[in-house]
Amino acid sequence: MKRFKKILKWTGIVLLLLLGGLSATIAMRQNIQYDRPYPAITASTDSAVIQKGKHIIFGAAHCADCHSKANPDSLIALGQDVPLTGGFVFELPVGKVYTKNITPDKETGIGNYTDAEIARALRYGVHRDGTAIFDFMPFHNMSDEDMTAVISYLRSQKPVRNEVPGNEFNMLGYAVKAFLIKPVGPEGEVPGSVKVDSTANYGKYLANNVANCVGCHTERDMMTGAFTGEPFAGGLEIDGFITPNLTPDPGSRIYNWSQEQFINRFKMGKLHPKTPMPWNSFKRMSDDELKAIYAYLKTVKPVKGKIK
Ligand code: HEC
Ligand code: HEC
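Bear in mind the structure is a predicted one, so any value in this text is a computation, not a measurement.

Undergrad: What is the right way to read the site of ligand 2 from this model?
TA: Residues in close proximity to ligand 2 total 24 residues, the closest being Cys-213, Cys-216, His-217, Arg-253 and Met-277. Here an oxygen atom of ligand 2 and a side-chain polar atom of Arg-265 are 2.7 Å apart. Here an oxygen atom of ligand 2 sits 2.9 Å away from a polar atom, N or O, in the side chain of Trp-279. Going through the elements one at a time, helix H9 (213–216), helix H10 (259–268) and helix H11 (279–282) are the ones with two or more residues in the shell around ligand 2. Of the residues contributing to the shell around ligand 2, the split by class is 17 nonpolar, 5 polar and 2 charged.

Undergrad: Can you help me understand the site of ligand 1 in this one?
TA: Taken together, 22 residues surround ligand 1, and among them Cys-63, Cys-66, His-67, Tyr-113 and Met-137 come closest. Between ligand 1 and His-67, the relevant distance is 2.8 Å, taken from a nitrogen atom to a side-chain nitrogen or oxygen of the residue. Taken together, the elements giving at least two residues each to the shell around ligand 1 come down to helix H3 (63–66), strand S2 (95–98) and helix H6 (144–156). Per-class residue counts for the shell around ligand 1 are 16 nonpolar, 5 polar and 1 charged.

Undergrad: I keep staring at the packing of helix H8 (residues 200–210) against helix H12 (residues 287–297) and nothing clicks. Help me out?
TA: Relative orientation of the contacting elements H8 and H12 amounts to 95°, with a least axis distance of 7 Å. Relative to H12, the element H8 is oriented roughly perpendicular. When H8 is examined against H12, the residues Ala-200, Tyr-202, Gly-203, Lys-204, Leu-206, Ala-207 and Asn-208 are found in contact with a partner set consisting of Glu-289, Ala-292, Ile-293, Ala-295 and Tyr-296. Residues of the contact of H8 with H12, tallied by class, amount to 8 nonpolar, 2 polar and 2 charged.

Undergrad: I tried to follow the coordination of the iron atom of ligand 2 on my own but got confused; where do I start?
TA: Tetrahedral coordination by four donors puts the ideal angle at the metal at 109.5 degrees, and octahedral coordination by six puts it at 90 or 180 degrees. Around the iron atom of ligand 2, the donor atoms from the protein are His-217 (NE2) and Met-277 (SD), and they sit 2.0 to 2.1 Å away. Note that the iron atom of ligand 2 binds 6 donor atoms; their angles at the metal cover 87 to 179°, and the shape is octahedral. With His-217 in the loop between H9 and strand S4 (237–238) and Met-277 in the loop between H10 and H11, the pair connects residues that are 60 residues apart, well separated along the chain. In this structure, His-217 and Met-277 share a single accessibility class: buried.

Undergrad: For this particular structure, what's the right way to read the pattern of salt bridges?
TA: If the charged atoms of two oppositely charged side chains come close together, the side chains can form a pair. Enumeration according to the criterion identifies 15 salt bridges in this entry. In this structure, Arg-155 and Asp-115 form a salt bridge, with 2.8 Å as the shortest nitrogen-oxygen distance. Taken together, the positions of Arg-155 in helix H6 and Asp-115 in helix H5 (residues 115–124) put the pair 40 residues apart, joining distant regions of the chain. Across the pair Glu-219 and Lys-306 runs a salt bridge, and its minimum N-O distance is 3.1 Å. Separated by 87 residues along the polypeptide, Glu-219 in the loop between H9 and S4 and Lys-306 in the segment after H12 bring together distant segments of the chain. Since its relative accessible area comes to 26%, Glu-219 is described here as partly exposed. Assessed through its relative accessible area of 61%, Lys-306 is described here as exposed.

Definitions and cut-offs
Residues numbered from 1 in each chain as written. Chains lettered and ligands numbered in written order. Predicted model: local features only at pLDDT ≥ 70, side-chain atom pairs only at ≥ 80, totals over all residues. Heavy atoms only, no water. Near = heavy atom within 4 Å. Polar contact = N/O pair within 3.5 Å; in protein donor to acceptor, adjacent residues only side chain to side chain. Helix = DSSP H or I, 4+ residues; strand = E, 2+ residues; numbered from the N terminus. Nonpolar A, V, L, I, M, F, W, Y, C, P; charged D, E, K, R; others polar. Axes fitted to C-alpha atoms, helices over the stretch in contact; angles between N-to-C directions. Parallel < 35°, antiparallel > 145°, perpendicular 65-115°, else oblique. Contact = heavy atoms within 4.5 Å. Donors = N, O, S within 2.8 Å, 3.2 Å for Na, K, Ca; no water. Tetrahedral: all angles 85-135°; square planar, octahedral: opposite > 155°, others 65-115°. Buried < 20%, exposed > 50% of the residue type's maximum accessible area, 1.4 Å probe, protein only. Salt bridge = Lys/Arg side-chain N within 4 Å of Asp/Glu carboxyl O.

Rendered as C-alpha cells:
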C-alpha cells in the first residue's frame, strides 16, 4: 500500500509537471505570428469598380450577414446596405469569435489598415499583426480583380465607430488555437480575373471562393473547421439544420430541379425564418450568377449524402 501511494505521488508529480509544461507551451503559442506575403492590391476610386465591389459584398459574398449585429437579415431583406460594423459573435466549442468592424473608422475599424493588409487578411488568413484568422471566410482564391473591387467598396463606406471586443477563448480554445489553428491561404495560383458568364467555370469560382456554398454544404470538424466530408454532399449541422446534398446524385435535394426552379428558389429568399443560409443576400445575385452555380453543381462528383 505504501509503495502504491509512493507511485501515485510520483505519477502525480510527473503529470503536474507535464501539464505545467503543456500550459506553458500553450501560452507561448497563443500569439504566433505568421509571415505571409502582401498581395499587390490597390483600391480604386472608379465608380464602376466600387459598384462591382458592392454587388459582391451584398450579394454572393454576403459580408453583411456576418459583419453586422443589428439584425442584418431583416435589413438585408428590405434591400438595405447594412453598415459593416461587425460585433456579431460566433459561439463555438472553443469560445467566442467576434466579426470585426470593417468600416473605415480609424480607431475601431479598418481605417488605418493599408489595402495590402486587408487583402492579406482575406487571402492569407492573417490579421494585421500576423496572427491566424479563424477560417470563416472563403475568399483565399478570390481574383485580384474582385479583391480590388471589394476593398474599393470597403474604402468608400462611411466610417462608423463601433468597438468590437477581442475574441474570448476557453481552455479548450487556447489548446486548439495553440496547436490546430493555422492561417488558411489560397490553393494553387490565384487568378488575376475570372471570366464573368453563366458557365460552370464561373459557377465553380462563385460556389467555392465567393459564396461559400461548399463551406456549409460539406461536413466539417466544427472544432477546427477542417473539411471531413465529400464536397457539396451536405450533412453539416448548423443551428439545428442539416445542410442538404447539392451533388448530382439521384438522392440529392436538387436532382430534379430545372435551372428555372433553381433560380426561382433563390429569388424567394428565406423560407425557414431561422435558417443560417444567407438567402436574402443571395437573392441579390444576378440570374447569370445563379445559372453559373447551377451549371457547376451539375459537374461535381455525385455523392450519396446523409440527407436529401
Ligand atoms: C461567415 C461569416 C463571415 C463572412 C461571410 C465574412 N466575414 Fe469577415 N470575418 C468573419 C470573422 C468571424 C472574422 C474574425 C475572425 C477572427 O478573429 O479570427 C472576420 C474577419 C475579417 C477581417 C479581418 C479583420 C482584422 O481586423 O483582422 C476582414 C478584413 C474581413 N473579415 C472582411 C470581410 C469581407 C470584405 C467580407 C465579404 C467579402 C467578409 N469579411 C465576409 C466572418 C465573416
Ligand atoms: C451559412 C451556411 C450556408 C451557406 C453559405 C449556403 N447554404 Fe444552402 N443551405 C444551408 C442550410 C442550413 C439549408 C437548409 C435550410 C434551408 O433550406 O434554408 C440550405 C439549403 C439549401 C438548398 C435547399 C433549399 C430548399 O428549399 O430545398 C439549396 C438549393 C442550397 N442550400 C443551395 C446553396 C447554394 C447554391 C449556396 C451558395 C450560393 C449555399 N446553399 C450556401 C446552409 C448554407
